[in-house]
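Spelled out from the first residue to the last, the chains are:
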Amino acid sequence: ADFLDDGAAVVTGGSSGIGRAISLAYADAGADVVVADLQRESRDPEEDVPTAELVEAETDQSAVFVECDVSDPSDTEAAVAAADDFGGVTAMVNNAGVFRGGDFLDVSEEDFQSLLDVNLKGTFFGAQAAAERMVAGDGGAIVNLSSVAGLRGSAGFATYCASKGAVRLLTYSLAAELGPQGVRVNAIHPGLVDTAMTTEDVPIIGSESGEQYLDGIPLGRFADTGDIADAAVYLASAAGDYVNGESITVDGGMTNT
Ligand code: NAD
């Protein structure tokens with residue numbers, strides 16, 4: 001089945017960065033899109049047209065913005081319900097996330113909890129809200145944004161790695177449980193992608209440490225958001241029809257070399 005053409009997608013964190021690129025790529029592939037985010041505006045001030053408006057201007061599909069904090073399951077449920085106006089959710093992208101580093105010995109309970117609430121709890125209940133409708137309907141595809149930080153550990157990023165590793169095993173567990181009910185569940189593990197997350201929150205790209213990372217990337221460049229959106233399209237379209245419980249690493253070769 002093609003869960004994009006003739007279907008509706010919900011993209012959390014769809015206002016900026018990777019989620020914005022996925023929203024546009026999904027619309028190009030035929031999906032109506034619900035952009036679910038804390039804010040309507042992109043975190044990148046140069047992107048002055050909000051995602052839903054851009055989708056409507058540049059594609060033949062419909063799009064709406066729904067204000068949503070994924071750490072509150074009732075917000076995520078409302079975002080998924082908004083897709084009912086477009087025939088119901090067939091693709092769910094749990095993309096909203098936060099990235100922070102810091103010495104393990106300094107991590108407070110609040111730091112820990114607030115990160116896990118978005119990256120893990122948000123993904124968990126986002127998947128649950130979408131799966132409930134997909135199982136009752138004609139199936140669907142759930143795509144979770146993990147990270148290369150969900151494949152291997154990293155000094156200074158214990159909380160983030162723990163959250164993304166958990167997303168990976170959550171993905172495999174849901175693939176086992178929901179596959180028989182027509183719902184495929186996969187994860188994407190991006191390397192370093194040029195977004196506000198890697199230029200502002202943890203300034204790696206554009207800094208000296210970024211140059212060091214670049215030396216370890218065989219393709220010799222950081223990812224742009226479209227590189228990740230291409231993988232997300234594959235996973236939800238007919239091309240990915242037999243892909244379930246898979247982790248797709250999109251990192252220019254950084255992790256395995
Ligand atoms: P970004 O900061 O550019 O965009 C994230 C979007 O999520 C923003 O629009 C933000 O408002 C929204 N958001 C944050 N918290 C939210 C919440 N509680 N509820 C709803 N929306 C919320 O980040 P990005 O680089 O596009 O990252 C997207 C995903 O990809 C994240 O899960 C991130 O961990 C993952 N990822 C990013 C990279 C990278 O290098 N940028 C690498 C690996 C994985």
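A count of helices and strands for the chain gives eight helices and seven strands. Over its C-alpha trace the chain gives a radius of gyration of 17 Å, about what one expects of a compact globule, namely 18 Å for 257 residues. In terms of overall dimensions, the chain has C-alpha extents of about 45 × 40 × 35 Å along its principal axes. Within the chain, the proportion of its 257 residues that are buried is 47%. A fraction of 75% describes how many contacts in the chain between residues 6 or more apart in sequence connect residues 24 or more apart.

Looking at the chain, pLDDT values average 98 and 100% of them are 70 or higher. Overall fold confidence (pTM) sits at 0.99, and the ipTM for the predicted complex is 0.99.

A word on the pairing of strand β2 (residues 32–37). Look at any regular strand and the pattern is simple: side chains alternate between the two faces of the sheet. Most of β2 sits out of view: six of its six residues are buried. Both faces of β2 are covered, namely the face carrying Asp32, Val34 and Ala36 and the face carrying Val33, Val35 and Asp37. For strand β1 (residues 8–12) and β2, the ladder comprises five bridges, and the chain directions are parallel. Within β2, the residue paired with valine 11 across the bridge is valine 35.

Located in the positive-phi region is aspartate 6, a residue other than glycine, with phi close to 75°. With respect to the helices, strands and loops of the structure, aspartate 6 is situated in the segment before β1. Judged by the 12 C-beta atoms lying within 10 Å of it, aspartate 6 falls in the exposed class.

Right, let's get into the site of the ligand. As a structural note, the neighbourhood of the ligand is formed by 31 residues, with Gly13, Ser16, Gly17, Gly97 and Thr195 the closest of them. For the shell around the ligand, the secondary-structure elements that each account for two or more residues are α1 (17–28), α4 (109–136) and α6 (196–201). Classifying every residue of the shell around the ligand gives 14 nonpolar, 14 polar and three charged.

As a further point, take the packing of α4 against helix α5 (residues 158–178). Running from N to C, α4 and α5 cross one another at 15°; their axes reach a closest spacing of 9 Å. With respect to each other, α4 and α5 are oriented roughly parallel. Here α4 runs over α5; the crossing is right-handed. Residues Asp111, Phe112, Leu115, Leu116, Asn119, Leu120, Thr123, Phe124, Ala127, Ala131 and Val135 of α4 form the contact with α5, whose participating residues are Thr159, Tyr160, Ser163, Lys164, Ala166, Val167, Leu170, Leu174 and Leu178.

This part takes up the environment of valine 66. As for its placement among the helices and strands, valine 66 is situated in strand β3 (residues 63–67). You can call valine 66 buried: it has 21 C-beta atoms within 10 Å. Sequence spacing of valine 66 and aspartate 37 is 29 residues, and the spatial spacing of their C-alpha atoms is 6.7 Å. Each residue touching valine 66, except ones within four places of it in the same chain, is listed here: Val34, Ala36, Ala78, Ala79 and Ala82.

What counts, and where the lines are drawn
Residues numbered from 1 in each chain as written. Predicted model: local features only at pLDDT ≥ 70, side-chain atom pairs only at ≥ 80, totals over all residues. Helix = DSSP H or I, 4+ residues; strand = E, 2+ residues; numbered from the N terminus. Rg over C-alpha atoms; globule rule 2.2 N^0.38 Å. Buried ≥ 20, exposed ≤ 12 C-beta atoms within 10 Å, placed from the backbone. Contact = placed C-beta atoms within 7 Å. pLDDT = per-residue confidence, 0-100. Pairing = 2+ DSSP bridges. Near = placed C-beta within 6 Å. Nonpolar A, V, L, I, M, F, W, Y, C, P; charged D, E, K, R; others polar. Axes fitted to C-alpha atoms, helices over the stretch in contact; angles between N-to-C directions. Parallel < 35°, antiparallel > 145°, perpendicular 65-115°, else oblique. Left-handed = near helix turned anticlockwise from the far one by under 90°.

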